[in-house]
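One letter stands for each residue in the lines below.
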Amino acid sequence: MAPVMRIGGRSLAALLPDLHSQRGPVYAALCDSVTALILDGRIGVETRLPSERELATALQISRATVTAAYDALRTAGFLVSRTGSGSFATVPSGSRPRTSLARWSSQSEAEDVIDLSCATLSAPPGVLQSVVVDAAAALPLYAETDGYDPGGLPVLREAIADRFRRRGVPTSPDQIFVTNGALHGLDLLMRLLIGPGDRILTELPTYPGTLDAARRVGARTVAVPMAAEGGWDVPAMVAALRQTAPRLALLIPDFHNPTGALIDGESRKAVLRAARQAGTTVIVDESFVELGFVEPETPCAAIDSSVVTIGSLSKPFWGGLRIGWIRASVDLVQRLAVLRASIDLGGAVLDQLVAAQVFPALDDLMPARLAGLLSQRDALLAALRRELPEWRVTEPQGGLSLWAELDAPMSTPLSLLAAPAGVLVVPGSRFGVDGTLERFLRIPFGLPAEYLTEAVTRLATVWRQLDRNALPGRQLVVA
Ligand SMILES: Cc1ncc(COP(=O)(O)O)c(C=O)c1O
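Per-chain numbering applies: the sequence of each chain, read as written, is numbered from 1 onward. Given that this is a predicted model, residues contribute local features only at a pLDDT of at least 70 and side-chain atom pairs are listed and counted only at 80 or more, while totals for whole chains, interfaces and linings are drawn from all residues. As a convention, hydrogens and water are excluded, and side-chain values are obtained from all of the structure's heavy atoms.

Undergrad: I'd love a proper account of the overall build of the chain, names of residues and values included.
TA: Runs of E in the DSSP output that reach at least two residues are strands. Runs of H or I that reach at least four are helices, and both are numbered from the N terminus. A count of helices and strands for the chain gives 16 helices and 16 strands. Within these notes, the globule rule equals 2.2 Å times the number of residues to the 0.38 power, and the radius of gyration is based on C-alpha atoms. A compact globule built from 479 residues should have a C-alpha radius of gyration of about 23 Å, and the chain, at 23 Å, falls within 12% of that. Considered along the principal axes of its C-alpha atoms, the chain spans approximately 80 × 50 × 35 Å. Per-residue accessibility, obtained with a 1.4 Å probe over protein chains only, is compared with the maximum for each type, and a residue is labelled buried under 20%, exposed over 50%, and partly exposed between these values. Taken over 479 residues, the chain has a buried fraction of 54%. Summarising the internal contacts of the chain: among those between residues at least 6 apart in sequence, 74% fall at separations of at least 24. When checking whether two residues touch, look at their non-hydrogen atoms; a contact exists if any pair is within 4.5 Å.

Here's what the structure looks like:
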């Protein structure tokens, strides 16, 4: 397999701790540190590591020490060498990506279970009934037509286009394609734009639905680790775009799932410029754009009009409505409509009429929704600081979840043992590729504060009971 990403000696050295202050020989400390970086997703699987000579120079240690560390990594299954092309980060054979379990695990019948497996909100109280009544009143007009419209009802396309225009993104209704939610949009775009073996660049961590959809079309994922302090690692992303020239980049710059990060304008510009130079089509997933606790950033489509944008009412309003959209060129929208005509012929008219009623109500709804969400986020942060101070948590700027760094790579055993203790959580490895990210846990804050506080108490109890010596992290990632 051809190399897709490289990390240089100095870049790797910058990620490593002081090897001489670790216990044991330096080669073992180097091996353990690189292993941890791979498992934590800081070095992506399939990344080419520096040559032994280059790393020895960067670390100012002997080449023999690096050789011994690389040998140990190879033996443990974290490094593979290919004649003539170098050594690549990998995970032990037998590791495999987990497929989705959050939604398909049977929902617990037990009343006392706190379900934190999904980053969602329930519908705003009292609104759904009235918008459904209004939509039903408009239905007779549509009942006189055949009811099929693969691109979506004109009234809804105009409402969506209008919302883009108000955010500074010039948009006509024929640039809007209505979908059954954002994930449906992602799926259709991948079917249209991706062939087996094509590369798709994503953030690491990222929304598991993106990874699953990419896998299903046979794409190869180039997952670029987010910066340790949160947000995009712009140099890494630019380098990955240059080195791998992926067909698509699938990014979540507006209150990223799972970290809640908002990417600043300069980073957006730099990455969009690099994508353009690499010939990469950028798809921006704006599922969470309405859920910010801070001022929004310039939409990516306002920076570069070739950006394809995905959005949805699932997060700001209600997932049960199943209404999302794609904003793209008129040409791409037409190609999507042709594709959809062979799949399901379009969305339900009544649901689209309901969505058209939701748009004018959103501006009034969002302030109260955001205020509630913010106090839930703060309650969750406070509970984590109180009960699990050894976990590192970055404050999300919006969205519906935070990304906690645990003090041991045991997210999967934690989630397995948390379920019988009454908390459903999805381990960090679901947000990465190849079983990495075991040191992280996504915790959504869409539930009322008292549930979040109780959930953290239960998680803390389970965490203290976990026997870290009996369950070494390396073994756990091999599913
Ligand atoms: C980033 C992201 N995109 C898409 C989706 C799917 O959303 P929808 O319900 O609109 O299909 C989710 C759901 O969690 C998500 O987090």
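Undergrad: Hey, could you go over the packing of aromatic side chains for me, with residue numbers and the actual values?
TA: Paired rings are identified among Phe, Tyr and Trp, the last through its six-membered ring, by centres lying within 6.5 Å, and are further divided according to the angle between planes into stacked (under 30 degrees), edge-to-face (over 60) and tilted (the rest). Taken as a whole, this structure holds 5 aromatic pairs when the rule is applied. Note on phenylalanine 293 and phenylalanine 445: the rings are 6.3 Å apart at their centroids and 35 degrees apart in plane angle, and the pair reads as tilted. Here phenylalanine 293 is found in the loop between strand E10 (281–285) and helix H11 (300–303), whereas its partner phenylalanine 445 is found in the loop between strand E16 (440–444) and helix H15 (449–465), with 152 residues between them in sequence. Judged by relative accessible area, phenylalanine 445 falls into the buried class, the value being 0%. Ring geometry for tryptophan 391 versus tryptophan 463: centroids 5.4 Å apart, planes at 85 degrees, classification edge-to-face.

Undergrad: Describe the sheet that holds strand E9 (residues 248–251), listing the residues and the values that go with them.
TA: When DSSP finds two or more bridges between two strands, those strands count as paired. Taken together, the 7 strands give an open sheet; going across it, the order is E6-E12-E11-E10-E9-E7-E8, and neighbouring strands pair in mixed fashion. Taken across any chain shown, the strands that pair with only one partner, and hence form the sheet edges, are strand E6 (176–179) and strand E8 (220–225). Within this sheet the neighbouring strands show an average axis-to-axis angle of 20 degrees, counted without direction. Here 3 bridges tie E10 to strand E11 (residues 308–312), and the two strands are oriented parallel to one another. Of the residues in E11, the one forming a bridge with aspartate 285 is isoleucine 310. Think of each axis as a best-fit line through the C-alpha atoms, taken over the contacting stretch in the case of a helix, with angles from 0 to 180 degrees between the N-to-C directions. Set on the sheet, helix H6 (residues 154–166) makes contact with E6, E11 and strand E12 (324–327); between it and E6 the angle comes to about 115 degrees.

As far as function goes, none of this settles anything; it's purely spatial.
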